[in-house]
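For reference, the chains in residue letters:
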Amino acid sequence: MITQFFVFLSLFVSGMTLGIVFDFFRVMRGRKRFTKIFQSILDILFGVFSFVLISTVLLVSNWGEVRGYVFIFILIGITIHYKWVSNSIIEGYCIFFILSERIVSTVTETLFKVFYIAIFPFKIVLMPFFSGINKLIGLLKKLWKNSNKWLKKLIFRFNKKD
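Below you will find a few notes about this structure.

Cut-offs used in this document
- Residues numbered from 1 in each chain as written.
- Predicted model: local features only at pLDDT ≥ 70, side-chain atom pairs only at ≥ 80, totals over all residues.
- Heavy atoms only, no water.
- Helix = DSSP H or I, 4+ residues; strand = E, 2+ residues; numbered from the N terminus.
- Polar contact = N/O pair within 3.5 Å; in protein donor to acceptor, adjacent residues only side chain to side chain.
- Contact = heavy atoms within 4.5 Å.
- Patch = residues over 30% accessible without salt bridge, like charges linked within 9 Å, V, L, I, M, F, W, Y side chains within 5 Å.
- Areas by Shrake-Rupley, 256 points an atom, 1.4 Å probe, with all protein chains shown as cover.
- Salt bridge = Lys/Arg side-chain N within 4 Å of Asp/Glu carboxyl O.
- Buried < 20%, exposed > 50% of the residue type's maximum accessible area, 1.4 Å probe, protein only.
- Axes fitted to C-alpha atoms, helices over the stretch in contact; angles between N-to-C directions.
- Parallel < 35°, antiparallel > 145°, perpendicular 65-115°, else oblique.
- Nonpolar A, V, L, I, M, F, W, Y, C, P; charged D, E, K, R; others polar.

## Points about the side chain of H81
Stage number 1. Among the structural elements, H81 can be located in helix α3 (residues 68-126).
Stage number 2. In terms of polar contacts, H81 uses its side chain to reach the backbone carbonyl oxygen of G19, at 3.2 Å.
Stage number 3. The residues touching H81, leaving out its near neighbours within four places in the chain, are M16, G19, I20, D23, S86 and I89.

Structural data, given as structure tokens:
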């Protein structure tokens, strides 16, 4: 009886876990427009994660036996997750992504300022001797400012309708 309870509980929790991970992917997709290739990669990653999770739970809890109650308890876990927990999880993920973006932006700006302050003395000393350094610094500034835009173009798609 205890073993059956452990099996049912572990399948239920794995269903809830699948819901939580799926919410993460939903929020990530909702915040950014990914290219179709990157979306496919994310779908494959979710599928692999789901397979590994369910396989591990089945092997640990009931020696890998796949029966009808396995699907029932996983679906019950997913359903309860979406009815009562999903909205809170999604809000938490949104806050996480907003804070992450702000932290990355602040760190990037700080690093750029530190870099500029560090090279400023060299710029003053070497400018009369090497006028090309000034052009190089200008190019580095342009590359630095546009690197975020280029990265987004590589990973995300903009203004494209499916």
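There's plenty left to go through after this.
## Some details on a nonpolar patch on the surface
Stage number 1. Taken together, the side chains of I95, L99, I103, V107, L111 and W144 define a hydrophobic patch exposed on the protein surface, amounting to about 590 Å² of accessible area.
Stage number 2. With five residues, α3 is the largest single contributor of residues to the nonpolar patch.
Stage number 3. With respect to the helices, strands and loops of the structure, I95 is situated in helix α3.
Stage number 4. Take I95: its relative accessible area is 52%, and that puts it in the exposed class.

## Describing the packing of helix α1 (residues 2-31) against helix α2 (residues 36-62)
Stage number 1. Where α1 contacts α2, the two axes come as close as 10 Å, and the packing angle between them is 170 degrees. Judged on the interaxial angle alone, α2 and α1 are roughly antiparallel.
Stage number 2. Looking at the contact of α1 with α2, its residues break down into 16 nonpolar, seven polar and two charged.

## Re the pattern of salt bridges
Stage number 1. The final tally for this structure, using the stated rule, is three salt bridges.
Stage number 2. Across the salt bridge formed by D43 and R29, the nearest N and O atoms sit 2.6 Å from each other. Here D43, found in helix α2, pairs with R29, found in helix α1; they are 14 residues apart in sequence, far enough to count as distant.
Stage number 3. On the basis of relative accessible area, D43 is assigned to the partly exposed category, the value being 44%.
Stage number 4. Note that R31 is salt-bridged to E101, the shortest N-O span being 2.8 Å. With a gap of 70 residues between them, R31 in helix α1 and E101 in helix α3 connect regions that are remote in the sequence.
Stage number 5. Assessed through its relative accessible area of 33%, R31 is described here as partly exposed.

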